[in-house]
Amino acid sequence: MERIITDAIIYKITKYADNSAIASVYSYDYGKQKLFLPKAYTNKAGIQVFIPGELDFLKKDTSDLNKFYSFRIDTSYAEYLTTPAISLRLSLYFDIFDRLYDIEQQDNVIWTIITKYKTAEYSKINIFGIYALLKNSGHMFNFNNCAGCGKKIEESGSLFHGQYFCEKCSVDGAFNPKPYVNTIMRAFSNQELYKNLKINIYDELAVLDLFIHHIENITDKEVKSYKLFKELILTI
Ligand SMILES: [Zn+2]
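Definitions and cut-offs
- Residues numbered from 1 in each chain as written.
- Predicted model: local features only at pLDDT ≥ 70, side-chain atom pairs only at ≥ 80, totals over all residues.
- Helix = DSSP H or I, 4+ residues; strand = E, 2+ residues; numbered from the N terminus.
- Rg over C-alpha atoms; globule rule 2.2 N^0.38 Å.
- Buried ≥ 20, exposed ≤ 12 C-beta atoms within 10 Å, placed from the backbone.
- Contact = placed C-beta atoms within 7 Å.
- Domains from an automatic or database assignment.
- Nonpolar A, V, L, I, M, F, W, Y, C, P; charged D, E, K, R; others polar.
- Pairing = 2+ DSSP bridges.
- Axes fitted to C-alpha atoms, helices over the stretch in contact; angles between N-to-C directions.
- Arc of directions from axis to C-beta.

Asks: Can you lay out the overall build of the protein for me, pointing to particular residues and giving the numbers?
Replies: Helices and strands together make up the secondary structure of the protein, namely 8 helices and 7 strands. Whereas a compact globule of 236 residues would reach a radius of gyration of roughly 18 Å, the protein reaches 19 Å, a difference of no more than 12%. Summarising its shape, the C-alpha atoms of the protein cover approximately 60 × 35 × 30 Å along the three principal directions. A total of 236 residues make up the protein; the buried ones form 31% of that total. Counting only contacts in the protein whose residues sit at least 6 apart along the sequence, the fraction spanning at least 24 positions is 54%.

Put into structure tokens, the structure is as follows:
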């Protein structure tokens, strides 16, 4: 057993029968972790989710369920708690993280991404962040070249069971994103293009429609939180 203090964000608290709870966290040093919270921490004044901070916990050798000591929020991110445009996106982001990552699977890029929601380019950081989750967990499809003929895909592509096809090779039942989604995805791997990329909320939803379709296909499970996200994000 080892006592750990690390940068972290808590993204889910699941109550337990006896008023205890389990917290799901992303930590900079140890990736995804589950922590046991005894009774005292589950009151309303307790722990805040979707804000970066410093986590203190006891890491067990024999179990995946570690012991929670404390979580101190970083007040320089206070706007995360009061800005629905941020918390709604982090809620979707970590729902996807939870599906794609295993316990202790490390990815330091995640920390960089979540600290960047401060920049107010929420739509842009959100789709880049979810793209990075797919890529770094080994689930991103190749959108540059057609899975059928191998040619470079410039304009329209379509996704079918994790494979991306050009217009000519597209198959029945494939998911067809808006043509500009390809242009946006190309910018993810080109710093200069990414810097100049301007993304509005409709562009964001067009890219997310494609990513969510892909995630539902590879995990064989509906991303229910996305429906709610779409409804709410357009009303705030
Ligand atoms: Zn093709």
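Asks: Please provide a residue-by-residue account of the domain arrangement of the protein, values included.
Replies: What the domain assignment reports for the protein is domain 1 (2-77) and domain 2 (83-233). Computed over C-alpha atoms, the centres of domain 1 and domain 2 are 28 Å apart. Listed by partner, the interface residues are 15 residues for domain 1 and 19 residues for domain 2. Taken together, the residues that form the side of domain 1 that touches domain 2 break down as 8 nonpolar, 3 polar and 4 charged.

Asks: Give a detailed account of the environment of E104, specifying residues and quantitative values.
Replies: Relative to the elements of secondary structure, E104 occurs in the loop between helix 2 (84-100) and helix 3 (109-115). Judged by the 12 C-beta atoms lying within 10 Å of it, E104 is exposed. Each C-alpha atom of the pair E104 and P38 lies 22 Å from the other, and the pair is 66 residues apart in sequence. Discounting chain neighbours no more than four positions away, the residues touching E104 are Y30, G31 and K32.

Asks: Give a description of the sheet that holds strand 3 (residues 31-37) that names residues and reports values.
Replies: A barrel is described by the order of its strands in space; here 5 strands give the closed sequence 1-2-3-5-4, paired in mixed fashion. Here the average twist between neighbouring strands, direction ignored, is 55°.

Asks: I'd like a rundown of helix 8 (residues 224-233), residues and numbers included.
Replies: Listed in full, the buried residues belonging to helix 8 are Y226, F229 and I233. Looking straight down helix 8, one finds that the buried residues subtend no more than 55° of arc, so they occupy a single side. When the buried face of helix 8 is taken as reference, the exposed residues oriented beyond 90 degrees from it are K224, K227, L228 and E231. In the core, the buried residues of helix 8 are packed alongside helix 2 and helix 7 (201-219).

Asks: Tell me about the pairing of strand 3, residues and numbers included.
Replies: Pairing analysis gives 7 bridges linking strand 2 (residues 21-27) to strand 3, with the strands arranged antiparallel. Considered in strand 3, the bridge of A23 is made with L35. Taking the residues between adjacent antiparallel strands as the criterion, strand 2 and strand 3 are bridged by 3 residues. Inspection of the sheet shows strand 3 paired to strand 5 (residues 65-73) by 3 bridges, in the parallel sense. Paired with L35 across the strands is N66, a residue of strand 5.

Asks: Please set out the pairing of strand 1 (residues 2-15) residue by residue, giving values where relevant.
Replies: Inspection of the sheet shows strand 1 paired to strand 4 (residues 53-59) by 7 bridges, in the antiparallel sense. Bridge pairing links T6 to L55 in strand 4. Looking at chain direction, strand 1 and strand 2 are connected through 7 bridges and run antiparallel. The residue bridging I13 from the neighbouring strand is A23, located in strand 2. Hairpin connection, strand 1 to strand 2: the antiparallel pair is bridged by 5 residues, and N19 has positive phi, about 75°.

Asks: Account for unusual backbone geometry, naming residues and giving values.
Replies: One non-glycine residue, F50, adopts positive backbone phi at about 60°. Of note, F50 is situated in the loop between strand 3 and strand 4. Given 21 C-beta atoms within a 10 Å radius, F50 is considered buried. Located in the positive-phi region is A120, a residue other than glycine, with phi close to 75°. Along the chain, A120 falls in the loop between helix 3 and helix 4 (122-136). You can call A120 partly exposed: it has 13 C-beta atoms within 10 Å.

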